[in-house]
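Spelled out, the chains give:
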Amino acid sequence: MGLRLPSKVLEHILSFIDSNEDRNSVSLVCKSWFETERKTRKRVFVGNCYAVSPAAVAKRFPEVRSLTLKGKPHFADYNLVPDGWGGYAWPWIEAMAAKCPSLEEIRLKRMVVTDECLEKIAASFKDFKVLVLTSCEGFSTDGIAAIAATCRNLRVLELRECIVEDLGGDWLSYFPESSTSLVSLDFSCLDSEVKISDLERLVSRCPNLSSLKLNPAVTLDGLVSLLRRAPQLTELGTGSFAAQLKPEAFSKLSEAFSNCKQLQSLSGLWDVLPEYLPALYSVCPGLTSLNLSYATVRMPDLVELLRRCSKLQKLWVMDLIEDKGLEAVASYCKELRELRVFPSAPDLDEANIPLTEQGLVFVSKGCRKLESVLYFCVQFTNAALLTIARKRPNLKCFRLCVIEPFAPDYKTNEPLDKGFKAIAEGCKDLRRLSVSGLLSDKAFKYIGKHAKKVRMLSIAFAGDSDLMLHHLLSGCESLKKLEIRDCPFGDTALLEHAAKLETMRSLWMSSCFVSFGACKLLSQKMPRLNVEVIDEHPPETRPESSPVERIYIYRTVAGPRMDTPEFVWTIHKNPEIGVSHLAIK
Amino acid sequence: MEGGSASGSASALSNDENLVVSCEDSSSPVGNELELGLTLSLGPKGYRDCRVSYADDSSSSSSSSSSLSRASVIAGIKRTADSMAATSGQVVGWPPIRTYRMNSMVNQAKASATEDPNLEIRQEVNKNRTDATKMRNSMFVKVTMDGIPIGRKIDLNAHKCYESLSNTLGDMFLKPKLGSSTLETDGHMETPLKILPDGSSGLVLTYEDKEGDWMLVGDVPWGMFIGSVRRLRIMKTSEATGKAQMIL
């Protein structure tokens, strides 16, 4: 028997360890370390809500104060996961309410949250402080009202791009007069107008309010009045920026902004009229984050704004910025770390915007701290990718969306293999990669071999054969999430690398050639994987070799889930039972 | 901007309730319009809309798919993707832009539209694209009952008459959930009480209509009720009488 650390001492040591990765390692050392660690963990992160049961988590971490959960697969953002698939928050809220009443923070992403959930949160956690819902759905403004009314110490309430049943703007009036603790409020995704006087009073009585994101229904007048009451804001999401142009309106707006000396982040700006942009000039020099992706501002106006933003680190913008605008960004915004360029036209045939691969090349050359890119562009070249890789080996996240499926290098007509090879090889710290354009199996050989730190990989309309998947699953040492759509491979590679799947969080494949037979085999071979077949038609009614529409495979210690809808088929581990909706043990 | 309806909201059920509900419905044939309001189901049309259709759409579910060579299917994908991109851009989920942002783009396109003959088609397409995953034909409204802190939601389109609605509400609120003690169990357990309009059970069902007025459920034809109801509330008869007098 060796030296044993008294648990109080260990507790004290562990209080300095925040990272969950480290804490997970600590918990593997021995039983007593496991026990001490679990009793002291305050922040719990569950990347796949079906990987573990709510009861198990609540039991293991009784002192949890902050819970973060993710539900649906990422491709749900693009309508590839049918409604009703799952991702329900209720079982988690219920379990936490029963065992962990000291819970203070809940952050949910891509989950179905109902008003009942919100009411339960309000009723169960006496010291509830933080609610952040990202890309969630299933609740109405009534649920929000319950939170506002009941959580006396609420600090953060953020609804980020949620689909909310909007029953009106009354919810805001449910914040009692005694509530003064708000630090952050984001209701930008709601439609209805809130009573501006209620909002003014709320803002006035919350001295610690530093982040406020309004919805488009808030007018410019409203914005001015709010800014006057909260000049201490560091993050602002404006409401609608359009109004009849009056000289007094402009000067009032300008003055209000110039009094916000701590503003670092600006977003919203829906319907912004270029004539109003100069009102923002006073805050530009201090801005580190600017989201213009909903602002239909065009070129010269954009540059006038951006050339004043010398401290900018994060820029989200539409392709209206054109190559010219990005060239300007490259010369004025030397601190830029993250760039996202979104398409402005919903339809591809309308794409005659002068934004090409050159824009991204400019920024890669000029912005030495650039590490995260999301770029939508109609077509690309290998040469551009090579330059980007050479200039920016420090890239951590590279998501290129060549909008036209199967588009080759438009100058040489070759696949973009060489270009992505350069990215994978050159950017040694790459964590996240999305590829597009015409790609052969070779591209994936390079990615498999070189992209050692990539954790998340997204692929669409690419590859020639099973070799592609084989390359990826036999390489990519750090791969945790792989999502693939419309690629011509399936069974062989999947079955050959079944063991790899248990080292990953999840694999999504839709419109590929994975047969039902392979799914069955995989499921029976790998006890700790849930193999979900998402298909309108019962897989058993078709030949085993016919491809299924979508599969979602994820590792889990919770076994098959009990809440699958009728179009999700769980392949039971016992071959006699076969396929079912409810996995019966 | 489209706010969207709250789909996927019936998540608060335990498995036992699922069983109860499905027993009741076991007599309905598949494809019956009377869908269970308490479970989610995706109508065939809604689901089909979310798939990418291959050039040979019908083949994906028939046995002839195994006879298609891989090359021809790849060609099929390419053809379809090209043609789709060229005509209406209807490859589902492509380009990969979040629904929220897509809606915003469509609204901006509307706002700055000139005489674009394709605009309406595009808007329809985008609307279909974003609506593809929404539940069809559901109309969820909130139901609260006096004395119970947590409200529920019910799909009115799952019912065609007041009686069926009343039965379902009775099951929801008056039968205790197994293993849960969220309901007050003061005598409601023994007899399955109904919420009747005459208030003889001690409870009465009211609804808030479009104008914000609270009315007794059952006075108007079902269709009219559906058209104007916004939310439901189960009250004690004593309270309701007072309110009714106010309405009248």
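Residues numbered from 1 in each chain as written. Chains lettered and ligands numbered in written order. Predicted model: local features only at pLDDT ≥ 70, side-chain atom pairs only at ≥ 80, totals over all residues. Heavy atoms only, no water.

Caption draft 1: How the structure looks around the overall build of chain A. Counting its regular elements, chain A contains 20 helices and 24 strands. Scaling as 2.2 N^0.38, a compact globule of 585 residues should have a C-alpha radius of gyration of about 25 Å, and chain A matches this with 25 Å. Relative to its full complement of 585 residues, chain A shows a buried share of 60%. Of the contacts made within chain A by residues no fewer than 6 positions apart, 70% connect residues no fewer than 24 positions apart. Surface accessibility of chain A: about 22300 Å² in total, with carbon and sulfur atoms responsible for 52%. With 76 positive and 72 negative side-chain charges, chain A shows a separation of 9 Å between the mean positions of the two kinds. (Helix = DSSP H or I, 4+ residues; strand = E, 2+ residues; numbered from the N terminus. Rg over C-alpha atoms; globule rule 2.2 N^0.38 Å. Buried < 20%, exposed > 50% of the residue type's maximum accessible area, 1.4 Å probe, protein only. Contact = heavy atoms within 4.5 Å. Areas by Shrake-Rupley, 256 points an atom, 1.4 Å probe, with all protein chains shown as cover. Lys, Arg positive; Asp, Glu negative; His and termini not counted. Charge placed at Lys NZ, Arg CZ, Asp CG, Glu CD.)

Caption draft 2: Quick peek at the confidence of the model for chain B. All names here are of chain B. Per-residue confidence for chain B gives a mean pLDDT of 55; residues scoring 70 or more make up 35%. In the predicted structure, residues 114-137 sits below a pLDDT of 50 and forms 50 contacts with residues beyond four places in sequence or in another chain. In this model residues 176-193 is a low-confidence stretch, pLDDT under 50, and it forms 17 contacts with partners more than four residues away in sequence or in other chains. Among the scores for the predicted complex, ipTM is 0.86 and pTM is 0.76. (pLDDT = per-residue confidence, 0-100.)

Caption draft 3: Structural context of unusual backbone geometry. Omega for the peptide link from Trp94(B) to Pro95(B) comes to -5°, which places this bond in the cis form. Structurally, Pro95(B) can be placed in the loop between helix H3 (70-87) and helix H4 (99-111). The phi dihedral of Glu161(A) is positive, around 50°, even though this residue is not glycine. Mapped onto the elements, Glu161(A) comes out in the loop between strand E6 (156-160) and strand E7 (163-165). Of note in the backbone geometry, Cys476(A) takes a positive phi value of approximately 40° without being a glycine. Secondary-structure assignment places Cys476(A) in the loop between helix H17 (466-474) and strand E19 (481-485). Overall, Cys476(A) belongs to the buried group, its relative accessible area being 0%.

Caption draft 4: Seen up close, a nonpolar patch on the surface. On the surface, a nonpolar cluster with roughly 220 Å² of combined accessible area is contributed by Leu5(A), Val9(A) and Ile13(A). Relative to the helices and strands, Val9(A) is located in helix H1 (residues 7-14). (Patch = residues over 30% accessible without salt bridge, like charges linked within 9 Å, V, L, I, M, F, W, Y side chains within 5 Å. Salt bridge = Lys/Arg side-chain N within 4 Å of Asp/Glu carboxyl O.)

Caption draft 5: Examining the state of the cysteines more closely. All names here are of chain A. The full count for this structure, using the stated rule, is 0 disulfides over all chains. The thiol sulfur of Cys 401 is not disulfide-bonded, and the nearest other cysteine sulfur, from Cys 377, lies at 9.5 Å. For Cys 401, a relative accessible area of 4% translates into the label buried. Cys 512 supplies the cysteine sulfur nearest to Cys 487, a cysteine that is in no disulfide, at a spacing of 5.3 Å. (Disulfide = S-S within 2.5 Å.)

Caption draft 6: Broad picture of the pairing of strand E5 (residues 229-236) of chain B. All names here are of chain B. Examined bridge by bridge, strand E1 (residues 140-145) and E5 share 4 bridges and lie parallel to one another. Its bridge partner lying in E5, Met 145 is registered against Ile 234. Bridge analysis of strand E3 (residues 203-209) against E5 gives 7 bridges, and the strand direction is antiparallel. Bridged to Tyr 207 within E5 is Leu 232. (Pairing = 2+ DSSP bridges.)

Caption draft 7: The side chain of Ser372(A), seen in detail. Tracing the sequence through the fold places Ser372(A) in strand E15 (residues 372-377). Setting aside chain neighbours within four positions, we find Ser372(A) in contact with Arg337(A), Glu338(A), Leu339(A), Leu395(A) and Cys397(A).

Caption draft 8: Local environment of the nonpolar core. Of all hydrophobic cores here, the largest spans 190 residues; its most connected members are Phe257(A), Phe380(A), Phe398(A), Ile459(A) and Leu482(A). Tallying contributions element by element places helix H5 (residues 90-99) of chain A first for this core, with 6 residues. If near-sequence neighbours (up to four positions away) are discounted, Ile459(A) is found in contact with Val435(A), Phe444(A), Met468(A), Leu472(A), Leu482(A), Glu483(A), Ile484(A), Arg485(A) and Cys487(A). In terms of nonpolar packing, the next biggest core, distinct from the first, is built from 20 residues, Ile148(B), Phe173(B), Val229(B) and Leu232(B) among them. (Core = buried A, V, L, I, M, F, W, Y, C linked by side-chain atoms within 4.5 Å.)

Caption draft 9: Just the environment of His450(A), in detail. Residues and elements named next belong to chain A. Along the chain, His 450 turns up in helix H16 (residues 441-450). The exposure class assigned to His 450 is partly exposed, which follows from its relative accessible area of 22%. Taking the C-alpha atoms as reference points, His 450 and Ala 97, 353 residues apart in sequence, are found 46 Å from one another. Here His 450 is in contact with Ala 424 and Glu 425, once residues within four sequence places are set aside.

Caption draft 10: Spatial organisation of the pattern of salt bridges. All names here are of chain A. Tallied over the full model, the rule gives 40 salt bridges over all chains. We note a salt bridge from Arg 23 to Glu 37, for which the minimum N-O separation is 2.8 Å. Taken together, the positions of Arg 23 in helix H2 (residues 20-26) and Glu 37 in helix H3 (residues 31-40) put the pair 14 residues apart, joining distant regions of the chain. Across the pair, Glu 37 and Arg 23 agree in class, each one buried. Between Asp 77 and Arg 110 there is a salt bridge; the shortest N-O distance is 2.9 Å. Remark: Arg 110 occurs in the loop between strand E3 (105-109) and helix H6 (115-124) and Asp 77 occurs in the loop between strand E2 (66-70) and H5; sequence separation between them is 33 residues. When its relative accessible area of 8% is taken as the criterion, Asp 77 is described as buried.

Caption draft 11: Layout of the packing of aromatic side chains. Inspection of the entire model under this criterion finds 22 aromatic pairs over all chains. By way of ring pairs, the aromatic residues Tyr50(A), Phe75(A), Tyr78(A), Trp85(A), Trp508(A), Tyr552(A) and Tyr554(A) are connected into one cluster. When the ring centre of Tyr446(A) is taken as reference, the NZ or CZ atom of Lys421(A) above it lies at 4.8 Å. Here Arg101(B) stacks its cationic end above the ring of Phe342(A), 3.6 Å away from the centre of that ring. (Phe/Tyr/Trp six-rings, centres within 6.5 Å; stacked < 30°, edge-to-face > 60°. Lys NZ or Arg CZ within 6 Å of the ring centre and 35° of its normal.)

Caption draft 12: Focus on the pairing of strand E2 (residues 152-155) of chain B. Residues and elements named next belong to chain B. Where burial is concerned, the two faces of E2 agree: the one with Arg 152 and Ile 154 and the one with Lys 153 and Asp 155 are both buried. Sheet topology places E1 next to E2; 4 bridges connect them, and they run antiparallel. Pairing of Val 141 across the sheet is with Ile 154, part of E2.

Caption draft 13: Expanded view of the side chain of Ser440(A). Residue and element names in this part refer to chain A. Structurally, Ser 440 is set in the loop between strand E17 (432-435) and H16. With relative accessibility at 14%, the residue Ser 440 sits in the buried group. Of the polar contacts made by the side chain of Ser 440, one reaches the side chain of Asp 417; its length is 2.4 Å. The residues touching Ser 440, leaving out its near neighbours within four places in the chain, are Pro 415, Asp 417, Gly 463 and Asp 464. (Polar contact = N/O pair within 3.5 Å; in protein donor to acceptor, adjacent residues only side chain to side chain.)

Caption draft 14: A look at H6(A). Burial analysis of H6(A) places 9 of its 10 residues in the buried class, which makes it a mostly covered element. All of the buried residues along H6(A) are Asp115(A), Glu116(A), Cys117(A), Leu118(A), Glu119(A), Lys120(A), Ile121(A), Ala122(A) and Ser124(A).

Caption draft 15: Representation of the sheet that holds E1(B) in the model. All names here are of chain B. The strand order E2-E1-E5-E3-E4 describes an open sheet built from 5 strands, whose pairing is mixed. Looking at which strands have only one partner, the edges of the open sheet turn out to be E2 and strand E4 (214-216). Neighbouring strand axes in the sheet, compared pairwise and without regard to direction, differ in orientation by 30° on average. (Axes fitted to C-alpha atoms, helices over the stretch in contact; angles between N-to-C directions.)

Caption draft 16: The environment of Val217(B), seen in detail. Residue and element names in this part refer to chain B. For Val 217, the location among the structural elements is in the loop between E4 and helix H7 (222-228). Given the relative accessible area of 8%, Val 217 is considered buried. Distance in space between the C-alpha atoms of Val 217 and Leu 205 is 5.7 Å, their sequence separation being 12 residues.

Caption draft 17: Summary view of helix H15 (residues 417-426) of chain A. The complete set of buried residues in H15(A) reads Asp417(A), Gly419(A), Phe420(A), Ala422(A), Ile423(A) and Ala424(A). Against helix H14 (382-391), strand E16 (397-402), E17 and H16 of chain A lie the buried residues of H15(A).

Caption draft 18: Representation of the packing of helix H13 (residues 357-366) of chain A against H14(A) in the model. All names here are of chain A. Two elements in contact, H13 and H14, have axes separated by 9 Å at closest approach and are oriented at 15°. Between H13 and H14, the angle is such that the two are roughly parallel. For the crossing formed where H13 meets H14, the hand is left-handed. Contacts between H13 and H14 involve Glu 357, Leu 360, Val 361, Ser 364 and Lys 365 on the former and, on the latter, Ala 384, Thr 387, Ile 388 and Lys 391. The residue inventory of the contact of H13 with H14, partitioned by class, reads 4 nonpolar, 2 polar and 3 charged. (Parallel < 35°, antiparallel > 145°, perpendicular 65-115°, else oblique. Left-handed = near helix turned anticlockwise from the far one by under 90°. Nonpolar A, V, L, I, M, F, W, Y, C, P; charged D, E, K, R; others polar.)

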